[in-house]
Amino acid sequence: MTKDELLLFKGIQIANYQTDIIAALEIFGIKSNTPKYQKIKKGLTDRLYDAILFTTPSLKGAHKQMDELVDINKTGSILSILGFLQRRDLSLPLIEEKFAKAYKYFMHNEVLSMAHTMRLYYGLTEPNISRYQYYHQIFADTIQYLNVELKASLYYESINIRFGKIKKVNKAEMAIEITGYLEELAPFEGRVRSLKFHRDYYSLKMVYHHIQNHYAEVVQVCDQLLHYLDSLDFVSQVIRRFAVRQKAEHLLLMGDNDNALIEVNRIVSLEVEGTTPWLNSNKMLLLVLLNKKDYSQANLIHEKLSVSNVYKNIKSVFKRQIALIGVYLYLFKLMDMIPGSSVDTKSEIKKYLNEYPEYTRDKAAMNIPIIIAQLLEAIVLKKESDVFDRMEALKKYSSRYITKSDSIRSNCFINMLLEVVHNNYHVVAIERHAKNITLNLLPTKKFLQKRRQS
């Protein structure tokens, strides 16, 4: 901004001039129709238009292409303002500069607005058949892309909201509903220029297989989405993380911990340390390590997360989940299952309940793992009265809040845990009375033998 433009800008701000006549006379001592003042005014006007929505958010760890996406979004807003002001002299050069990028990134709303302006310009104002046909075709195609994209979002969101928020869902009926959606959307797979369409289309397929416990098929769909992302000439880190995370979660459900670890490490490598996505990805890494029984490594990662600023400051379910994992790592330390680790004399369980008292009210979900943790702690510390108290609580909650149809694994684990106490921590007796239940969910035989001997 030149010195004269700055003087005019500050003068307008402070004095709130109502006309050019007054502004030109009081600031520069000249008439408003002189070339000098008109040049100053035009220069200031152009700079102000260029500066509209100039602020770019500081997104820690964001991919460099995010700057281009933000710039295109700002351009769309600027063009809307210029359209109201009928400043075609400013909007046309801006469209010519930004249109290719908007088209590249499938930014349909911006493409529609720009293409509409250009097709009218080359169709009516400055007739040019080839340029008109170019923008007209893109305009027509983008209408179709956006229509299909929005339809896929509508279908996926309607399913996802019910699946994620409503506890009782008729999965058989939902599978039939999703089948109808997929049949309608399938012809557009790979044919529409839309990242969002493919994200929601493949997500619908994931939900369809997930609710039927077809976890291997979910992994295949994740690979299809990742293959689609690889075919693009730009990067989509957010959707890539989503696909890899879904793949890792379902590999875990399949018991394929080694490949799940590979996928989780891929996720972690995509994150920037100290960000919320980094915290969430490391939470998943903790779960994989626990499944692999690599408790020492899990403990190291948990200690690192616990002292990070993002963990201390964030208010998110991630923090509560990581804290609960810390509770069980504390129990493993009590059981001498993490060599070389020290145990704080303060109960991590009591600390957890003080920080998250709302979990005790979540009867059908989070309160149960807390009771299990309390039972294990009482067993390890040989507090027999607490052992029987927590056993009774666990029996009540499991019979009241966990039905066989809800979670066979949870019922098996709870029944196994009760057998540990019923059989006085005797490994052979426990195995005999729980022969049809896997022992992988129990504390190690070494610990049980040590507890029995003591």
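A. Spatial organisation of the packing of helix H4 (residues 65-84) against helix H5 (residues 88-104). Two elements in contact, H4 and H5, have axes whose closest approach is 10 Å; the angle formed by their N-to-C orientations is 150 degrees. In terms of orientation, H4 lies roughly antiparallel with respect to H5. Taken as a pair, H4 and H5 cross one another with a handedness that is left-handed. Contact residues: Glu68, Asp71, Ile72, Thr75, Ile78, Leu79 and Leu82 in H4; Leu90, Ser91, Leu94, Ile95, Lys98, Lys101 and Ala102 in H5. Taken together, the residues of the contact of H4 with H5 break down into eight nonpolar, two polar and four charged.

B. Molecular detail of the packing of aromatic side chains. Taken as a whole and assessed by the stated rule, the structure comprises 13 aromatic pairs. Clustering of aromatic rings is evident, with ring pairs tying together Phe99, Tyr103, Tyr121, Tyr122, Tyr134 and Tyr135. Over the ring of Tyr103 we find Arg193; its NZ or CZ atom is 3.8 Å from the centre of that ring.

C. Examining the confidence of the model for the protein chain more closely. Averaged over all residues, the pLDDT of the protein chain equals 84, while 85% of them reach at least 70. Confidence drops under a pLDDT of 50 for residues 439-444, and excluding neighbours within four residues, the segment shows 12 contacts in the predicted structure.

D. How the structure looks around the environment of Leu334. Here Leu334 is to be found in helix H16 (residues 317-334). In contact with Leu334, other than residues within four places in its own chain, are Val343, Glu377, Val380 and Leu381.

E. Expanded view of the nonpolar core. One finds Leu204, Leu279, Ile372 and Leu394 to be the most contacted residues of the largest nonpolar core, which totals 122 residues. For this core, the leading source of residues is H16, giving 12 residues. With residues near it in sequence (within four places) discarded, Leu394 still touches Ile368, Ile371, Ile372, Leu375, Ile414, Leu417 and Leu418. With eight residues, the next largest nonpolar core counts Tyr17, Ala23, Ala24 and Leu44 among its residues.

Analysis parameters
- Residues numbered from 1 in each chain as written.
- Predicted model: local features only at pLDDT ≥ 70, side-chain atom pairs only at ≥ 80, totals over all residues.
- Heavy atoms only, no water.
- Axes fitted to C-alpha atoms, helices over the stretch in contact; angles between N-to-C directions.
- Helix = DSSP H or I, 4+ residues; strand = E, 2+ residues; numbered from the N terminus.
- Parallel < 35°, antiparallel > 145°, perpendicular 65-115°, else oblique.
- Left-handed = near helix turned anticlockwise from the far one by under 90°.
- Contact = heavy atoms within 4.5 Å.
- Nonpolar A, V, L, I, M, F, W, Y, C, P; charged D, E, K, R; others polar.
- Phe/Tyr/Trp six-rings, centres within 6.5 Å; stacked < 30°, edge-to-face > 60°.
- Lys NZ or Arg CZ within 6 Å of the ring centre and 35° of its normal.
- pLDDT = per-residue confidence, 0-100.
- Core = buried A, V, L, I, M, F, W, Y, C linked by side-chain atoms within 4.5 Å.
- Buried < 20%, exposed > 50% of the residue type's maximum accessible area, 1.4 Å probe, protein only.

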